[in-house]
Each structure stands twice: as structure tokens, then as C-alpha cells.
Amino acid sequence: MPQTVIPQLRMRHADTTLPFYVQGLGFVVDWEHRFEPGFPLFAQLTRDCEVGGAVYFIVDDVDSLHRAFSAANVPIEQPPHDTEWGSREMLLRDPDDNRLRFATRVD
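Positions within a chain are numbered from 1, following the residues in the order the chain's sequence is written. Only residues with pLDDT of 70 or above have their local features reported here, since the model is predicted, and side-chain atom pairs are shown and tallied only from 80 upward, although totals for entire chains, interfaces and linings are computed over all residues. As a convention, hydrogens and water are excluded, and side-chain values are obtained from all of the structure's heavy atoms.

### Points about the nonpolar core
Okay, so step 1: The nonpolar core is taken to be a set of buried Ala, Val, Leu, Ile, Met, Phe, Trp, Tyr and Cys residues, with the residues joined through side-chain atoms within 4.5 Å. To sort residues, take the accessible area from a 1.4 Å probe on protein chains only and compare it with the maximum for the residue type: under 20% means buried, over 50% means exposed, and anything in between is partly exposed. With seven residues, the main nonpolar core is built from Met11, Ala14, Leu18, Phe27, Leu41, Ala43 and Leu45.
Okay, so step 2: Those elements giving two or more residues to this core turn out to be helix H1 (14–24) and strand E4 (41–50).
Okay, so step 3: It is E4 that contributes the most residues to this core, three residues altogether.
Okay, so step 4: What makes two residues a contact is simply this: any of their non-hydrogen atoms within 4.5 Å. Dropping the residues within four chain positions of it, Leu18 is found in contact with Met11, Val29, Glu32, Leu41 and Leu45.
Okay, so step 5: Listed in part, the five residues of the second largest apolar core include Val62, Phe69, Met90 and Leu92. Helix and strand assignments come from DSSP, with helices taken as H or I runs of at least 4 residues and strands as E runs of at least 2, each series counted from the N terminus.

This is the structure in C-alpha cells:
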């Protein structure tokens, strides 16, 4: 069963970033907005894909977020842990089996 992925992105280099998503990855532009000429472009892009996608969130404090999610009874598949690539991450899955990974960079 396909699902739809809809990122809303802030693009400082829209001349190269937008074609990357549209021509390269096959996304379709739903809408674009720029507050003023020379400002970043905001765009919503859509693409159908198979269920089981992933989203990677970079957050300030993954441990604090873990406590908040746990308090809200959100099931945590993998609690915060240090990775070999220099981040601290946790993993959740939404009801459609999409992986949601939250990470904090470790300096």
C-alpha cells in the first residue's frame, strides 16, 4: 500500500535544491512561497512511496525529548544511545511503520 511523503522545506539554494527533489527524486511541487526576493524559498513537495519510510529529526536534547515522549506513553523502539558517528539517537515507529529517528549531535 503506497503512502505519500510531504516534506515542507526551507531552501536557501532553491536553484539547485528544488531540481534535486523534483527532477532527481521525482517529487512534485505543491506550493512555493518566498517572503521577498532574495529570501529563502519555502516549498511543499509530494511523492508517493512505499510504506516504511523514515524521517530523521535533529533536536537539541534527545534525552529530554525521550522523557517527554515517555510521559505521553509514546512507545519507544530504541531509547537514546550514543552512535559511532557522533550522535545520540532514539527510534520510534508510527502506526504505519514509518521510522522516526531523533538525534542530537554530540560534540
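Still more ground to cover, so stick around.
### Some thoughts on the sheet that holds strand E5 (residues 54–58)
Okay, so step 1: Ordered by their spatial adjacency, four strands build an open sheet running E5-E8-E7-E6, and the pairing between neighbours is mixed. The sheet is open, and its two borders are formed by E5 and strand E6 (78–82), each paired with just one other strand. Going from strand to strand, the sheet's axes swing by 20 degrees on average, the running direction of each strand aside.
Okay, so step 2: Pairing between E5 and strand E8 (residues 99–105): five bridges, direction parallel. Bridge pairing in E8 links Ile58 to Ala103. Strands are labelled as partners when DSSP assigns at least two bridges between them. Axis angles are defined between N-to-C directions and span 0 to 180 degrees, where every axis is a line fitted to C-alpha atoms and, for a helix, only to the segment in contact.

### Some words on the packing of aromatic side chains
Okay, so step 1: When the centres of two rings from Phe, Tyr and Trp lie within 6.5 Å, Trp using its six-membered ring, the rings pair. Their planes under 30 degrees apart give stacked, over 60 give edge-to-face, and anything left gives tilted. Taken as a whole and judged by the stated rule, the model has five aromatic pairs.
Okay, so step 2: For the ring pair Phe57 and Phe102, a centre distance of 4.6 Å and an interplane angle of 10 degrees mean the geometry is stacked. Of the two residues, Phe57 is situated in strand E5 and Phe102 in strand E8; the sequence distance between them amounts to 45 residues.
Okay, so step 3: Taken together, a centroid distance of 5.3 Å and an interplanar angle of 70 degrees make the contact between Phe69 and Phe102 edge-to-face. Placement of Phe69 in helix H2 (residues 62–71) and of Phe102 in strand E8 is noted, with a sequence separation of 33 residues between them.
Okay, so step 4: Residue classification places Phe69 among the buried positions, given a relative accessible area of 19%.
Okay, so step 5: A relative accessible area of 8% places Phe102 in the buried class.
Okay, so step 6: Chaining the aromatic ring pairs together yields one cluster made of Phe20, Tyr21 and Phe27.

### Considerations on the pattern of salt bridges
Okay, so step 1: Salt bridge, as used here: a side-chain nitrogen of Lys or Arg that lies within 4 Å of a carboxyl oxygen of Asp or Glu. Taken as a whole, this structure holds four salt bridges when the rule is applied.
Okay, so step 2: Measuring nitrogen to oxygen at the nearest pair gives 2.6 Å for the salt bridge that ties Arg93 to Glu77. Placement of Arg93 in strand E7 (residues 87–93) and of Glu77 in the loop between H2 and E6 is noted, with a sequence separation of 16 residues between them.
Okay, so step 3: Looking at Glu77, the relative accessible area reads 44%, which means it is partly exposed.
Okay, so step 4: Salt bridges sharing partners connect three or more residues here, namely Asp63, Asp82 and Arg88.

Worth remembering: the numbers are spatial, not functional.
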